[in-house]
Amino acid sequence: MTPEQRLNTVKDNLKQIVGIHHVTRNYSDLDTEMDKHERIYAVLSSGFPQFGSLYDTEDEVHNFMIVAQQLVSENTTGEQKEAIEFSMLEVIKELVAQDGETNEPLNLELVSARTSRQMDPIHAWVLFELRFNDL
């Protein structure tokens, strides 16, 4: 399976979990589609695959990211934004857990999750770093 096929599979699997929310492979949708959807998840490659040590194996590790974003009012408190962000984290944890239960897993691994309320007062958002860990 190519990296693009894997990312499209992640997008499709995520869409099954979040249902009504918008799931895309386009970064620009975080701006252009925000007024049409309550929450957006963007599945994006974050670089090219890295191969096993000194290229002597076929093991492959490909990092990618999912940006989850929801528009909120300026009156939304930090606690309310945090609750939204934790709900986004639960969705991604479910995505990774479901992958582990399938017969043909993508070997998803959640590496980290970051947010910054100071940078963006009108969005609750989380940047998830994940990888396909084919070891």
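Note: the structure precedes this text.
First, a word on what this report is: a plain description of the structure on this page.

Rules used in this analysis
Residues numbered from 1 in each chain as written. Predicted model: local features only at pLDDT ≥ 70, side-chain atom pairs only at ≥ 80, totals over all residues. Heavy atoms only, no water. Core = buried A, V, L, I, M, F, W, Y, C linked by side-chain atoms within 4.5 Å. Buried < 20%, exposed > 50% of the residue type's maximum accessible area, 1.4 Å probe, protein only. Helix = DSSP H or I, 4+ residues; strand = E, 2+ residues; numbered from the N terminus. Contact = heavy atoms within 4.5 Å. 1 Å grid on protein atoms, 1.4 Å probe; cavity = no way out; pocket = protein on both sides within 12 Å on 5 of 7 lines; lining within 4 Å. Points joined across faces, edges and corners; volume = space filled by probe spheres on them. Expected span 1.5 Å × (residues − 1). Salt bridge = Lys/Arg side-chain N within 4 Å of Asp/Glu carboxyl O.

## Some thoughts on the nonpolar core
Item 1. Ranked by size, the top nonpolar core spans 26 residues in total, and within it Val10, Leu14, Tyr41, Phe64, Ile66 and Phe128 carry the most contacts.
Item 2. Elements that contribute at least two residues to this core include exactly α1 (3-18), β2 (39-45), β4 (60-71), α3 (78-101) and β6 (123-134).
Item 3. Element by element, the count of residues in this core is highest for α3, at seven residues.
Item 4. Residues contacting Phe128, with those up to four places away along its chain left out, are Phe64, Met65, Ile66, Ala68, Met88, Leu89, Ile92, Leu110, Ser112 and Ala113.

## Here's the deal with the layout of surface pockets
Item 1. As a volume, the largest pocket reaches approximately 210 Å³.
Item 2. Lining the largest pocket are 10 residues, and of these Tyr27, Leu30, Val67, Gln69 and Trp125 lie nearest its centre.
Item 3. Contributions of two or more residues to the lining of the largest pocket are made by α2 (29-32), β4 and β6.

## Description of α3
Item 1. With 24 residues, α3 extends 35 Å between its outermost C-alpha atoms, agreeing within 8% with the 34 Å of an ideal straight helix rising 1.5 Å per residue.
Item 2. Those residues of α3 that sit buried are Lys81, Ile84, Glu85, Met88, Leu89, Val91, Ile92, Leu95, Val96 and Asp99.

## Considering the pattern of salt bridges
Item 1. Overall, the coordinates contain four salt bridges when judged by the stated rule.
Item 2. A salt bridge links Glu129 to Arg114, with the nearest nitrogen and oxygen atoms 2.3 Å apart. A residue pair is termed long-range when its members are at least 10 positions apart, and Glu129 in strand β6 and Arg114 in strand β5 (residues 108-114) qualify at 15 residues.
Item 3. A relative accessible area of 27% places Glu129 in the partly exposed class.
Item 4. The partly exposed category is assigned to Arg114, whose relative accessible area is 47%.

## A short note on the environment of Asn75
Item 1. Counting through the fold element by element, Asn75 comes out in the loop between β4 and α3.
Item 2. Separated by 46 residues in sequence, Asn75 and Pro121 place their C-alpha atoms 9.1 Å apart.

## Details of the side chain of Thr24
Item 1. Mapping Thr24 onto the fold places it in strand β1 (residues 22-24).
Item 2. The class of Thr24 is buried, set by a relative accessible area of 4%.
Item 3. What Thr24 contacts, discounting residues up to four positions off in sequence, is Lys11, Asp29, Ile40, Tyr41, Ala42 and Val43.

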